[in-house]
Amino acid sequence: MILQALTDYYQALAAHGEIAPYGWGQVGVSFALCIDENGALEQVLLVRTEQARGKKTVLAPQSMLLPAPVKRASNIEANFLCDNAGYVLGMDNKGKPEQTQKRFAACKALHEKLLDGVDAPAARALLAFFRTWQPAQAREHPALQEHLEEILSGANLVFRCQGTFVHRDAAVRQAWDAYYQAAGEGPEMVCLVTGETCPAESVHPSIKNVAGAQPSGAALVSFNGTAFCSYGKEQSLNAPTGKFAAFAYTTALNHLLADRDRVYRVGDATVVCWAQSGETAYQSLLVAFAASYSENDLRGMVEKLCAGQAVCYEDERLDPNMDFYILGLSPNAARLSVRFFLRNTFGGFLKNVQAHYARLEIVRPAFDKAETLSINSLLAETVNQHAQDKKPAPNMAGEVLRAVLTDTPYPATLRVGVALRIRAEQKVTRGRAAILKAYYLKHPNADVPKEVLTVSLNPESTNIPYNLGRLFSMLEAIQSAANPGINTTITDKYFSSACATPSYTFPTLIKLAQAHLKKMDNGLRVYYAKQLTALMDRLDEDFPDCLNLKQQGAFQIGYYQQTQARYEKKEEKSYV
């Protein structure tokens, strides 16, 4: 299903001329070898370009449309028209001269095989270069001296003849197309993607730009253990894929991963998405919506799409019924793991994300200007922000995103992660309170009734754990009012025990509160005494001996909402 969807996406992009044609691909190139009509090397041009990398601008290899590169491990196999110095010049800094000689010989043989008989000046010049070049004297060539160290480090090189890149010559391109599109060397099998009988590719092209994976690329389809080699089928023949399908799905996926503005990172997962039609506006809107939900025009468009109405975004008409795909990939040594692969209509995904934001909605502090909480900000609530490694648990990150996109219950690891951070830090932040609220809205439980899962304080709730949390917040307020500027409050010392074992902790806290009330002036003492009495009236005569994890969630929500209510203007307080 994944390969079929990517192959269809490639064909949609190819129909609009927005992706590399069959047999070609984008390759990062650092230098151009300028040769004359007789194949003599005249000079070396630096073709790197300035590119934005976050907030910095760096000099990086220029992306050029070149013949599709081969996939190499320890094998010797040359690329056509573009390769590193070991293949093109017969020299490198790896310290294995015999291997380097074999690489140059392979590159020379490939170019002679493809260009012999091609009637074009560029083809004849390139053949002359390979037939006259002497790798043994290459290091002393004057044209290479300025950039020698960078060339030896593995940078990709292309050829330029009489002011034009060789790979742009029509006759040379035609020779490559005829070679690449010829029947493959694999056994005849039924392609799992197209259903056609054709030679199967034993090794598929690499997937690049997945965070944490090898820079040279990793495999999405790969088998290397004897346990996988069923019926004598090795490598990728266990999942037979034709040459075109292997090229199409890898090219489409690399195209998606190369677009930094539309790639989303969650935990260790790199997430890409695409519409079946190939239009990029769908991706842009979903990524913007999933990352932030604050702009009024964005909100209006999403609401229309969720209602089944088409809208215009980035000058493209968006159809809510368009088939849409989301793929999450994680690194796994030289291979890739599929965290999730989801298919729905575009409007369906937006509706699920919108429902997620609605569940997260909770009163926020005045200093918090963010209207919504992104998935990454939620995951950060489960991590110690003072630790060296601030990454959330990899599996949890993928499970949370999947739950959001499919409108299914959140993973229990999210709730446990929040509980551990609250216990460790004695702090209920907006994000943690929102997670608790959203989690129990998707996991209904009698210990956390809907009456406590409100956006703001519910002063009418009779839920004991919820009111205990409110009471703790009020006791904290009394202490702070009696001791302005106090550094350590009862929250720092008693929050966890009050949350878990109320009968053990609250009698001590109430006794302390009575002492604090005596320090206040008459008006303030009466104000807090009334609030304290009102809350005590909502509780049983005896405090519960212990609260389970779910009841502790209600306690924490009550504490957070009561604390936020304390900072409202006095005339807005309806619970006094």
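Note that the structure is a prediction, hence the values are computed from the model and not measured. (Residues numbered from 1 in each chain as written. Predicted model: local features only at pLDDT ≥ 70, side-chain atom pairs only at ≥ 80, totals over all residues. Heavy atoms only, no water.)

1. Some details on the environment of E185
One can find E185 in the loop between α6 (170-180) and β10 (188-190). Judged by its relative accessible area of 84%, E185 is exposed. Measuring from C-alpha to C-alpha, the distance between E185 and A554 comes to 65 Å, with 369 residues separating the pair along the chain. (Helix = DSSP H or I, 4+ residues; strand = E, 2+ residues; numbered from the N terminus. Buried < 20%, exposed > 50% of the residue type's maximum accessible area, 1.4 Å probe, protein only.)

2. Remarks on helix α10 (residues 346-360)
For an α-helix, the turn length of 3.6 residues means that residues three or four places apart are oriented alike. Here α10 contains 15 residues, and its C-alpha end-to-end distance of 22 Å stays within 8% of the 21 Å for a straight helix at 1.5 Å per residue. Of all 15 residues making up α10, 11 are buried, and the element is well covered by its neighbours. The complete set of buried residues in α10 reads F346, G347, G348, F349, L350, N352, V353, H356, Y357, R359 and L360. (Expected span 1.5 Å × (residues − 1).)

3. Description of a nonpolar patch on the surface
Among the surface-exposed residues, V416, L420 and L549 lie close enough to one another that they form a single nonpolar patch of about 240 Å² accessible area. Within the secondary structure, V416 is located in helix α13 (residues 412-425). (Patch = residues over 30% accessible without salt bridge, like charges linked within 9 Å, V, L, I, M, F, W, Y side chains within 5 Å. Areas by Shrake-Rupley, 256 points an atom, 1.4 Å probe, with all protein chains shown as cover. Salt bridge = Lys/Arg side-chain N within 4 Å of Asp/Glu carboxyl O.)

4. Topic: the packing of helix α15 (residues 464-482) against helix α17 (residues 502-518)
Between α15 and α17, the shortest axis-to-axis distance is 9 Å and the interhelical angle comes to 30 degrees. Here α15 is positioned roughly parallel relative to α17, judged by the angle of their axes. For the crossing formed where α15 meets α17, the hand is left-handed. Contact residues: α15 offers L468, L471, F472, L475, I478, Q479 and A482, while α17 offers P502, F506, L509, I510, A513, H516 and L517. Among the residues forming the contact of α15 with α17, the class breakdown is 12 nonpolar, 2 polar and no charged. (Axes fitted to C-alpha atoms, helices over the stretch in contact; angles between N-to-C directions. Parallel < 35°, antiparallel > 145°, perpendicular 65-115°, else oblique. Left-handed = near helix turned anticlockwise from the far one by under 90°. Contact = heavy atoms within 4.5 Å. Nonpolar A, V, L, I, M, F, W, Y, C, P; charged D, E, K, R; others polar.)

5. Let's talk about unusual backbone geometry
Notably, L81 is not glycine yet its phi reads approximately 70 degrees, a positive angle. Inspection of the secondary structure puts L81 in the loop between β6 (62-67) and β7 (82-83). A residue is classified by how much of its surface remains accessible, and L81, at 2% relative accessible area, is buried. A positive phi angle, near 55 degrees, is found at D407, a position not held by glycine.

6. Some words on the sheet that holds strand β12 (residues 264-266)
Spatially, the 4 strands line up as an open sheet ordered β12-β13-β16-β17, and their pairing is antiparallel. The sheet is open, and its two edges are formed by β12 and β17 (335-345), each paired on a single side. Shown here is a sheet whose adjacent strand axes are inclined to one another by a mean of 25 degrees, direction ignored. Sheet contacts for helix α1 (residues 2-15): β13 (269-275), β16 (323-332) and β17; angle to β13, the most-contacted strand, approximately 55 degrees. Contacting β13 and β16, helix α7 (residues 243-258) crosses the sheet at an angle of about 110 degrees to β13. (Pairing = 2+ DSSP bridges.)

7. Some remarks on the confidence of the model for the protein chain
Put simply, the protein chain has an average pLDDT of 88, and 97% of its residues get 70 or more. The weakest mean pLDDT in the protein chain belongs to helix α9 (residues 296-306) at 71; the strongest belongs to helix α14 (residues 430-442) at 96. Scored below 50 in pLDDT, residues 569-576 makes 14 contacts in the model with residues more than four places away or belonging to other chains. (pLDDT = per-residue confidence, 0-100.)

8. Some remarks on the pattern of salt bridges
A complete count under the given rule lists 16 salt bridges for this structure. With a closest N to O distance of 3.3 Å, E112 and R131 form a salt bridge. Linking E112 in helix α3 (residues 97-115) with R131 in helix α4 (residues 121-132), this pair joins segments that are 19 residues apart in sequence. Assessed through its relative accessible area of 26%, E112 is described here as partly exposed. What makes R131 partly exposed here is its relative accessible area of 45%.

9. Structural notes on the environment of Y179
Secondary-structure assignment places Y179 in helix α6. Spatially, the C-alpha atoms of Y179 and G23 are 9.4 Å apart, while their sequence positions differ by 156 residues. Apart from residues lying up to four places away in sequence, Y179 is in contact with L110, K113 and L114.

10. Quick notes on the packing of aromatic side chains
Counted according to the given criterion, the structure contains 31 aromatic pairs. Between F472 and Y559 the ring centres are 5.9 Å apart and the planes differ by 65 degrees, which places this aromatic pair in the edge-to-face class. With F472 in helix α15 and Y559 in helix α19 (residues 549-566), this residue pair connects regions lying 87 residues apart in the sequence. With respect to class, F472 is no different from Y559; both count as buried. A centroid spacing of 5.3 Å and a plane angle of 20 degrees characterise the contact between F506 and F543, whose relative ring orientation is stacked. With F506 in helix α17 and F543 in the loop between α18 (522-537) and α19, this residue pair connects regions lying 37 residues apart in the sequence. Take F506: its relative accessible area is 0%, and that puts it in the buried class. For F543, a relative accessible area of 17% puts it in the buried group. Against the face of F165 rests R160, its NZ or CZ located 4.7 Å from the ring centre. (Phe/Tyr/Trp six-rings, centres within 6.5 Å; stacked < 30°, edge-to-face > 60°. Lys NZ or Arg CZ within 6 Å of the ring centre and 35° of its normal.)

11. Notes on the side chain of T251
Secondary-structure assignment places T251 in helix α7. Of the residues examined, T251 reaches a relative accessible area of 14% and is grouped as buried. Excluding residues that lie within four positions of it along the chain, T251 makes contacts with Y10, I19 and A20.

12. What to know about a negative patch on the surface
On the surface, a cluster of negative charge is made up of D540, E541, D542 and D545. Assignment of secondary structure puts E541 in the loop between α18 and α19. (Lys, Arg positive; Asp, Glu negative; His and termini not counted. Charge placed at Lys NZ, Arg CZ, Asp CG, Glu CD.)

13. Considering the pairing of β16
Where burial is concerned, most of β16 is hidden: 7 out of the 10 residues are buried. Judged from the 6 bridges that link them, β13 and β16 form a sheet pairing that is antiparallel. Each bridged residue has a counterpart across the sheet, and for C273 the counterpart in β16 is I326. With 10 bridges connecting them, β16 and β17 associate as antiparallel partners. The residue bridging L329 from the neighbouring strand is V338, located in β17. Hairpin connection between β16 and β17: a loop of 2 residues separates the two successive antiparallel strands, and A333 in this loop has a positive phi of roughly 60 degrees.

14. A look at the packing of α14 against α19
In the contact formed by α14 and α19, the axes pass within 10 Å of each other and the chain directions differ by 130 degrees. Taken together, the axis directions place α14 and α19 in an arrangement best described as oblique. Considering the relative orientation of α14 and α19, their crossing is left-handed. Residues R430, A433, L436, K437 and Y440 of α14 form the contact with α19, whose own contacting residues are L549, K550, G553, Q556, I557 and Y560. When its residues are assigned to classes, the contact of α14 with α19 shows 6 nonpolar, 2 polar and 3 charged.

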